[in-house]
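# Observations on chain architecture
So you can see what is in the structure, the chains are spelled out below.
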Amino acid sequence: MAKIIYKVLIADDEYWTREKLRTMIDWKQYNIEFLEPAVDGEDVLRKVKENTPDILITDINMPFMNGVDLIKILKEEYTDIIIFVISGYDNFDYVKSTLLAGAINYLLKPVTKIDLVNSLSKALEIISNKRQKEKKQEEQKNEILKASSFIQDRELSLLVEKEETAYSPTIMMNSKIDFAGCSLILIKIHNLKELMMQYHYDMNQLSYSIKKKIKDVTRYENLLIFNHIFRSNEFIIITELEESKLRIMANQILNYFKVYQETLISIVISEHSYSIESIHTAYIETITMLMTRKYMKNSVMILCEKDNSSIKSDVNNQMSEELENKLKNLLRTRNQSAVKKLIFETVGLRYCDINGWSFLEVKQTVKRVCNVFVDYISEEKSPRKIIDMENMIDLAIKTVENLVVENLCEVLEEMIDTITDLKVEAEIGSIRSVVKLCVKYIDNNFFEELTLTSLANKFNVESSYFSKIFRQEIGSNLMLYIAQKRIDKAKEYMIDSKINLTEIAFIVGYDDYTYFNRVFRKMTGVSPREYRNKLKKCQED
């Protein structure tokens, strides 16, 4: 069904004229809603007030009100409405009076289809031009708001990253918050890529919109909200609200993300005891408490306790020294199935959510497993393989944040396949063509959330087998190929000095600038900022 974007109101005291105009053209086909016609001038004013039509087609002679007077009233109160008149009289004074009053056209009865279509075309052109102008003005306003939002994000993110400091950005001076005693609320979006497509990979638009939504949902104007520019999936609120109100506000935000965004988030609320000079400490407190949440696909709210000293002692060591040694021996024998069984079943990573592991327990276990992988690869003394493994480890640690066990196990399985490097006999004809299609798809969609499983499903192949063949044909692990493509694209975007580095990271598919910075440095040997500076110097020379 076509989307209605225009509304037309017909006004005539003759029934047959109204019905003829109703059926003369298929209004819906042109995205026009034909409102129930008006029978006189007073009826016109009532229906205009109720329905706010874009176009009015009115007879010049109707009961209760002269057509010219009607047009004058409408043009004073409803300046945007487009009016043209129809009449059985061709008297020049009538024509002159209606045009001076504000009508755009004068049609004589009987109105033909051509007359009606031409008049509508003229009216719609006027409306379209006006809306385009308004849209452009709105877009310019939106760009200013996004720029203002980014300045705030940057300044406050730098403040959060600094340890105890007396410096506070001037942007905060106009706030009504009493910073002598305030709380910090951390909102962690566990998979920001789910939202990225909604905002067409425009990081500033996403950041501005999410902050605005939070304010709209909570209905608290005096909230200082900013997006952490180094970790784009973190939004931070600073407020002086008391604990009971903080809980209500947090539940409102949880509900919004659950119902309207269908996105997993964690909300951590610090103690109400911080000043703006020590906001870094409050941030660290919330990050520490975030680690205690259960590793499950659900959104949670966590309140920081006065004594957090017991957190580390409560964490179980899921990967013992004995299991680490056993894993090393299995890797040396390249026993792929036994390696997977040890990690996913004996250690229990595949069932970490069912068994109630904390976020920190999963993160530490994955790090210990990855350390064993690095030690094993290091024995081959191949710098290229060590760098590739470090990149895959970064991806695994990043995947932990998504709270999806299946995705985490998939990344670890691919790492195991790469390490054990078992050669397989490929079905040469078909599988090579699938790999080529996959490479082409990655090259065109590098910014999307690409996983081994999603790509294998897309091309109807078994994921583990596909991973091995891809590595044989391309000479690179699938996830490393995607990372390299993203870094190559980032280099291209860096040529344009108008795009900031954080935005480039977002555009090429990274929702965390720190992670992007780490991957870029490992693949190029320099940081994104150093690379851009060298690029700028070359351009100047």
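Residues numbered from 1 in each chain as written. Predicted model: local features only at pLDDT ≥ 70, side-chain atom pairs only at ≥ 80, totals over all residues. Heavy atoms only, no water.

## Examining the pairing of strand β11 (residues 265-269)
Burial within β11 is extensive, with 5 of its 5 residues counted as buried. Burial of the side chains of β11 extends over both faces: Ile-265, Ile-267 and Ile-269 are buried on one face and Ser-266 and Val-268 on the other. Looking at chain direction, strand β8 (residues 183-189) and β11 are connected through 5 bridges and run antiparallel. Its bridge partner being in β11, Ile-187 is matched across the sheet by Ile-267. Relative to strand β12 (residues 300-303), β11 runs parallel, the two sharing 4 bridges. Paired with Val-268 across the strands is Ile-302, a residue of β12. (Buried < 20%, exposed > 50% of the residue type's maximum accessible area, 1.4 Å probe, protein only. Helix = DSSP H or I, 4+ residues; strand = E, 2+ residues; numbered from the N terminus. Pairing = 2+ DSSP bridges.)

## A closer look at helix α9 (residues 279-290)
The terminal C-alpha atoms of α9 lie 17 Å apart, and with 12 residues this matches the ideal 16 Å at 1.5 Å per residue to within 8%. What α9 keeps buried is the set Ile-279, His-280, Ala-282, Tyr-283, Glu-285, Thr-286, Met-289 and Leu-290. (Expected span 1.5 Å × (residues − 1).)

## Examining the UniProt feature "modified residue: 4-aspartylphosphate" (unreviewed entry) in the protein
Under the local residue numbering, the UniProt record ascribes the feature "modified residue: 4-aspartylphosphate" (unreviewed entry) to Asp-59. Ignoring sequence-local partners within four residues, the contact set of Asp-59 consists of Ala-11, Asp-12, Asp-13, Gly-67, Ile-86, Ser-87 and Lys-109. (UniProt positions renumbered as here; feature names shortened; annotations may be inferred. Contact = heavy atoms within 4.5 Å.)

## Brief notes about the nonpolar core
Counting 101 residues, the largest nonpolar core has Leu-327, Phe-373, Met-415 and Phe-516 as the members making the most contacts within it. Broken down by element, the residue count for this core peaks at 10 residues, all from helix α13 (residues 359-378). Three or more residues apiece are contributed to this core by two domains, here domain 2 (159-168 + 175-303) and domain 3 (321-482). Dropping the residues within four chain positions of it, Phe-373 is found in contact with Leu-327, Leu-331, Ile-343, Met-389, Met-415, Ile-416 and Ile-419. (Core = buried A, V, L, I, M, F, W, Y, C linked by side-chain atoms within 4.5 Å. Domains from an automatic or database assignment.)

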